Amino acid sequence: MFLIFRIIRRTIALALLVVIVLPLYIGGKVWYTANHTKPVASDAIIVLGAAQFDGVPSPVLEARLLEAKRIFEAKLAPRILTVGSRAPGDRTTEAASGFYWLVDHGVSRKYVDSIPYGRDTLASTESYVSVMKKLNLASAIIVTDQYHCLRAITMAEDLKISATCAPTKTGPA
């Protein structure tokens, strides 16, 4: 009988570990990355896509573009890659919207490339990593929302790109 109670206690302890401790650990890691990451000099700045409305960046995408422009002007990377496909019914892509916003706001088009693929973080990451490898680029500063940094960095590093994150400092996200 004592053995059964011991097994039950251990099972409950394991369940509590999985249900309480693991989410707290993961949440803490996401929070820490969001609040303690700093971009380092890299080969390219990656602007992950977000909604755009007929070529006009949404407030979320515009905040990312502002941060990318700031980093570019600080000379942490020599080029910017905007990433993102189009949603059904869209006339343009997130990447094109970002490209034209940057050019309209003073970044020379020779320093900006548009990668019109990727409707989610993984597809976008696979798209820009493919382009980076063709261009012999090995490191990136990923511009995205604070709590998206850990996931974006992890995906890039899984595909053999050295990555840091520059979380947005403005905008709704």
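Up top you'll find the structure we're talking about.
The structure presented is a predicted model; accordingly, all values stated were derived computationally and were not measured.

**Q** Please explain the nonpolar core as it appears in this structure.
**A** Looking at soluble globular proteins, one finds that nonpolar side chains tend to be buried together. Formed by 19 residues in total, the largest nonpolar core has its most connected members in Ile46, Tyr128, Met132 and Ile142. Secondary structure elements with two or more residues in this core: strand E1 (44–47), strand E4 (80–83), helix H4 (121–134), strand E6 (139–144), helix H5 (149–158) and strand E7 (162–167). Top contributing element to this core by residue count: H5, with four residues. Not counting the four nearest positions on each side in its chain, isoleucine 142 is found in contact with Ile46, Leu48, Tyr128, Ala152, Ile153, Ala156, Ala163, Thr164, Cys165 and Ala166. Residues Ile45, Ala50, Leu65 and Phe72 belong to the second largest nonpolar core, which totals 18 residues.

**Q** Can you walk me through the side chain of serine 42 in this structure?
**A** Along the chain, the position of serine 42 falls in the loop between helix H1 (2–36) and E1. Polar contacts involving the side chain of serine 42 include one to the main-chain carbonyl oxygen of valine 40, which spans 2.8 Å. Among residues more than four places away in sequence, those in contact with serine 42 are Leu76, Ala77, Pro78, Ser139, Ala140, Ile141 and Thr164.

**Q** How should I be thinking about the side chain of serine 97 in this particular structure?
**A** As for its placement among the helices and strands, serine 97 is situated in helix H3 (residues 94–104). Take serine 97: its relative accessible area is 2%, and that puts it in the buried class.

**Q** Help me understand H4 in this model?
**A** Because each turn of an α-helix spans 3.6 residues, side chains separated by three or four positions end up pointing in the same direction. Over its 14 residues, H4 extends 20 Å from the first C-alpha to the last, a length consistent with the 20 Å expected when each residue adds 1.5 Å. Considered for burial, the residues of H4 that qualify are Thr121, Ser124, Thr125, Ser127, Tyr128, Val129 and Met132. The secondary structure elements touched by the buried residues of H4 are E1, E4, strand E5 (112–115), E6 and H5. Where H4 begins, one side-chain oxygen reaches toward the backbone nitrogen of leucine 122, 3.2 Å away; that side chain belongs to aspartate 120. After H4 finishes, the residue asparagine 136 shows a positive phi value of roughly 60 degrees.

Conventions and cut-offs
- Residues numbered from 1 in each chain as written.
- Predicted model: local features only at pLDDT ≥ 70, side-chain atom pairs only at ≥ 80, totals over all residues.
- Heavy atoms only, no water.
- Core = buried A, V, L, I, M, F, W, Y, C linked by side-chain atoms within 4.5 Å.
- Buried < 20%, exposed > 50% of the residue type's maximum accessible area, 1.4 Å probe, protein only.
- Helix = DSSP H or I, 4+ residues; strand = E, 2+ residues; numbered from the N terminus.
- Contact = heavy atoms within 4.5 Å.
- Polar contact = N/O pair within 3.5 Å; in protein donor to acceptor, adjacent residues only side chain to side chain.
- Expected span 1.5 Å × (residues − 1).

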